[in-house]
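# Understanding the architecture of this molecule
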Amino acid sequence: MPTYDLADRSALVTGAGSGIGRAVALELARNGAAVLVADLSADAAQRVTDEITAAGGTAAAAVADVADPAVHAELVAAAGRMGPLKVAVNNAGIGGEAAAVADCSTEGWLRVVDVNLNAVFHGLKAQIPAMVAAGGGAIVNMASVLGSVGIAQSSAYVATKHAVVGLTKTAALEYSAQGVRVNAVGPGFISTPLVERSLDAATLDALAAQHATGRLGTSEEVAALTAFLVSDAASFVTGSYHLVDGGYSAH
Ligand code: NAP
């Protein structure tokens, strides 16, 4: 049974082929949205689309590198063909190099800024006018608990996630009067391919111990918060940064 009513609208989710994005796409579809599943990987986007349709939902796959400013208008147009675009989740992100700031390559730094920050800016530029035209909407930008605290060896990631929080607050102030809500979500460490392929088992155990819950989170736990934020149940929620971090930042 759906938790929220997201019927009669389309939802655009980037990085939806894996991890948190996949769980968000499934949850939005379960609540009635027609979901555009956008990912770098055509296979991954199609797999998630097939999962949604097999469960009785509506979805279409799109291949897009969100770092390319030109793709965002195409994604908005594709989502608009499935219904009025009223939901967007700018989720695609990368971890980048594990290195102290003085050892980061310029190329590595710039790629993280392009994918984690510039892509959110380009996404908002395309999504907001479409939502205003559709009579309003709700956007979630996937930040991180590392949008409020630092961690060694991840300067580009931490810097971009802090910046996404600031961009979110500013966009919310600018477009609230036109019916567009913009929020950021800050997951703690979540068991996804991004985390599992970049960290060894000992590091994952040590990270789990830093959460009050004593474990990493699941993508579904992030998706549950995201679905609430884009639903009409969150009609008074905008311009804020919502942690789903198992108490990581409560220390
Ligand atoms: P993930 O499992 O790696 O999934 C990310 C998806 O985005 C992958 O399918 C990836 O494709 C895709 N992607 C990467 N670069 C892209 C690009 N340039 N254009 C379009 N798609 C792209 O990662 P995740 O852990 O679910 O992370 C999702 C978001 O949550 C990110 O913004 C991340 O920073 C944030 N987050 C994650 C955690 C965590 O602990 N996992 C915590 C806080 C915040 P490929 O696999 O083909 O690269």
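From a predicted model like this one, the values you see are computed outputs, not experimental measurements. (Residues numbered from 1 in each chain as written. Predicted model: local features only at pLDDT ≥ 70, side-chain atom pairs only at ≥ 80, totals over all residues. Heavy atoms only, no water.)

Right, let's talk about the site of the ligand for a bit. Surveying the vicinity of the ligand reveals 29 residues, the closest of which are Asp39, Asn91, Tyr157, Ile190 and Thr192. For the ligand, an oxygen atom lies 2.8 Å from a polar atom in the backbone of isoleucine 20. Separating an oxygen atom of the ligand from a backbone N or O atom of asparagine 91 is a distance of 2.7 Å. Compared with its free state, where it exposes 890 Å², the ligand has 91% of that area covered by protein. Here the ligand occupies the largest pocket. Within the residue set of the shell around the ligand, elements represented by two or more residues are helix H1 (19–30), helix H4 (106–133), helix H5 (155–175) and helix H6 (193–198). Looking at the shell around the ligand, the element that brings in the most residues is H6, giving four residues. (Near = heavy atom within 4 Å. Polar contact = N/O pair within 3.5 Å; in protein donor to acceptor, adjacent residues only side chain to side chain. Areas by Shrake-Rupley, 256 points an atom, 1.4 Å probe, with all protein chains shown as cover. 1 Å grid on protein atoms, 1.4 Å probe; cavity = no way out; pocket = protein on both sides within 12 Å on 5 of 7 lines; lining within 4 Å. Sits in = over half its atoms within 2 Å of the grid points. Helix = DSSP H or I, 4+ residues; strand = E, 2+ residues; numbered from the N terminus.)

Before going further, it helps to examine the nonpolar core. Counting 32 residues, the largest nonpolar core has Leu28, Val35, Val37, Ile52 and Val89 as the members making the most contacts within it. Breaking this core down by element, the ones donating at least two residues are strand S1 (10–14), H1, strand S2 (34–39), helix H2 (42–54), strand S4 (85–90), strand S5 (137–142) and helix H8 (219–230). With sequence-adjacent residues up to four places away left out, valine 37 is seen in contact with Val13, Ala16, Ala25, Ala45, Val48, Thr49, Ile52, Ala59, Ala60, Ala61 and Ala62. (Core = buried A, V, L, I, M, F, W, Y, C linked by side-chain atoms within 4.5 Å. Buried < 20%, exposed > 50% of the residue type's maximum accessible area, 1.4 Å probe, protein only. Contact = heavy atoms within 4.5 Å.)

The next thing to look at is the sheet that holds strand S6 (residues 180–187). Spatially, the seven strands line up as an open sheet ordered S3-S2-S1-S4-S5-S6-S7, and their pairing is parallel. Edge positions in the open sheet fall to strand S3 (58–63) and strand S7 (241–244), since each of these has one partner strand only. For this sheet the average axis-to-axis angle between neighbouring strands, irrespective of direction, equals 20 degrees. Across six bridges, the pairing between S2 and S3 is parallel. Following the sheet pairing, alanine 38 is matched in S3 by alanine 62. The sheet strands contacting H8 are S4, S5, S6 and S7, and the helix crosses S6 at an angle near 165 degrees. (Pairing = 2+ DSSP bridges. Axes fitted to C-alpha atoms, helices over the stretch in contact; angles between N-to-C directions.)

Once that is clear, we can look at the environment of glycine 15. When you line up the elements, glycine 15 lands in the loop between S1 and H1. Residues glycine 15 and alanine 73 lie 58 residues apart in sequence; the distance between their C-alpha atoms is 16 Å. The contact partners of glycine 15, leaving out residues within four places of it in the chain, are Gly21, Arg22, Ala38, Asp39, Asn91 and Ala92.

As enumerated under the stated definition, the model contains five salt bridges in all. Arginine 30 is the partner of glutamate 27 in a salt bridge, and the nearest nitrogen-oxygen pair spans 2.9 Å. A residue pair is termed a helical-turn pair when its members lie 3 or 4 positions apart in one helix, as glutamate 27 and arginine 30 do in helix H1 at three residues. The class of arginine 30 is partly exposed, set by a relative accessible area of 38%. For the salt bridge of aspartate 65 with arginine 111, the shortest nitrogen-to-oxygen distance reads 3.3 Å. Of the two residues, aspartate 65 is situated in the loop between S3 and helix H3 (71–80) and arginine 111 in helix H4; the sequence distance between them amounts to 46 residues. Looking at aspartate 65, the relative accessible area reads 27%, which means it is partly exposed. (Salt bridge = Lys/Arg side-chain N within 4 Å of Asp/Glu carboxyl O.)

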